[in-house]
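# Overview (structure and organization)
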Amino acid sequence: MRNFKHGKTGSPEYFTWAGMRQRCSNPKTPNYDRYGGRGISVCSRWANSFVNFYTDMGPRPSIGHTIERLENDGDYEPGNCVWAVKKRQANNTCRNIVVTYEGKTHTLAEWADRLRINYRTLHNRYTRGLSLDRVFALGRLARA
């Protein structure tokens, strides 16, 4: 139905859908290089149908939620997208430093939370080239 109105044109979900399409298809859009420019696309089901997008994603749970791709290198499509808060999204980006220590793998930000030390402090220790034993021992000592 060409003239079907969904009544959501000004909604946060609609702006999310429109922005997602722009990031993936318009080289003049800020951050295009991080999306369409590196091969991320919008699936055919969502590319030209806000109704399909809204049917699959549902309403945004809160003002703090935005769309997240579970697989950072994957496309915008059902099964790879959820509504998530920014803190969760911050741990799913290609710019993160992922560290495996004592058999556990987390981002540096997650390690900082776990050790209850400032992220910048942990990042500084890590980028100075200290061994992981030394970086995390310092964190444990700082907590004690």
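The structure this text deals with has already been given above.
Predicted model, so just to flag it, every value in this text is computed and none were measured.

Bringing the overall build of the chain into the picture now. From N to C terminus, the chain includes seven helices and four strands. When the elements of the chain are put in sequence order from the N terminus, they spell out α-α-α-β-β-α-β-β-α-α-α. The buried share among the 144 residues of the chain stands at 33%. For the chain, the proportion of contacts with a sequence separation of at least 24, taken over those separated by at least 6, is 44%. Surface exposure of the chain reaches about 9200 Å², of which carbon and sulfur atoms provide 49%.

This brings us to the pairing of strand 3 (residues 98–101). Where burial is concerned, the two faces of strand 3 differ: the one with Val99 and Tyr101 is buried and the one with Val98 and Thr100 is not. The sheet contact formed by strand 3 and strand 4 (residues 104–107) spans four bridges and is antiparallel. If you follow Thr100 over to strand 4, its bridge partner there is Thr105. Connecting strand 3 to the next strand, strand 4, in antiparallel fashion are two residues, including Glu102 with a positive phi near 50 degrees.

Once that is clear, we can look at the nonpolar core. By size, the foremost hydrophobic cluster in this structure holds 16 residues, and its most contacted members are Met20, Val42, Trp46, Phe53, Met57, Ile67 and Tyr76. Of all the secondary-structure elements, those providing two or more residues to this core are helix 1 (12–25), helix 2 (44–47), helix 3 (50–57) and strand 2 (81–85). The residues touching Tyr76, leaving out its near neighbours within four places in the chain, are Met20, Arg23, Cys24, Tyr35, Ile40, Ser41, Val42, Cys43, Trp46, Ile67, Arg69 and Cys81.

Attention shifts here to the packing of helix 5 (residues 108–115) against helix 6 (residues 119–127). Contact pair helix 5 / helix 6: the axes reach a minimum separation of 9 Å and the direction vectors enclose 120 degrees. What the angle tells us is that helix 5 and helix 6 run oblique. The handedness of the crossing between helix 5 and helix 6 is right-handed. For the pair helix 5 and helix 6, the contacting residues are Leu108, Ala109, Trp111 and Ala112 in the first and Tyr119, Leu122, His123 and Tyr126 in the second. Looking at the contact of helix 5 with helix 6, its residues break down into seven nonpolar, one polar and no charged.

Rules and cut-offs
Residues numbered from 1 in each chain as written. Predicted model: local features only at pLDDT ≥ 70, side-chain atom pairs only at ≥ 80, totals over all residues. Heavy atoms only, no water. Helix = DSSP H or I, 4+ residues; strand = E, 2+ residues; numbered from the N terminus. Buried < 20%, exposed > 50% of the residue type's maximum accessible area, 1.4 Å probe, protein only. Contact = heavy atoms within 4.5 Å. Areas by Shrake-Rupley, 256 points an atom, 1.4 Å probe, with all protein chains shown as cover. Pairing = 2+ DSSP bridges. Core = buried A, V, L, I, M, F, W, Y, C linked by side-chain atoms within 4.5 Å. Axes fitted to C-alpha atoms, helices over the stretch in contact; angles between N-to-C directions. Parallel < 35°, antiparallel > 145°, perpendicular 65-115°, else oblique. Left-handed = near helix turned anticlockwise from the far one by under 90°. Nonpolar A, V, L, I, M, F, W, Y, C, P; charged D, E, K, R; others polar.

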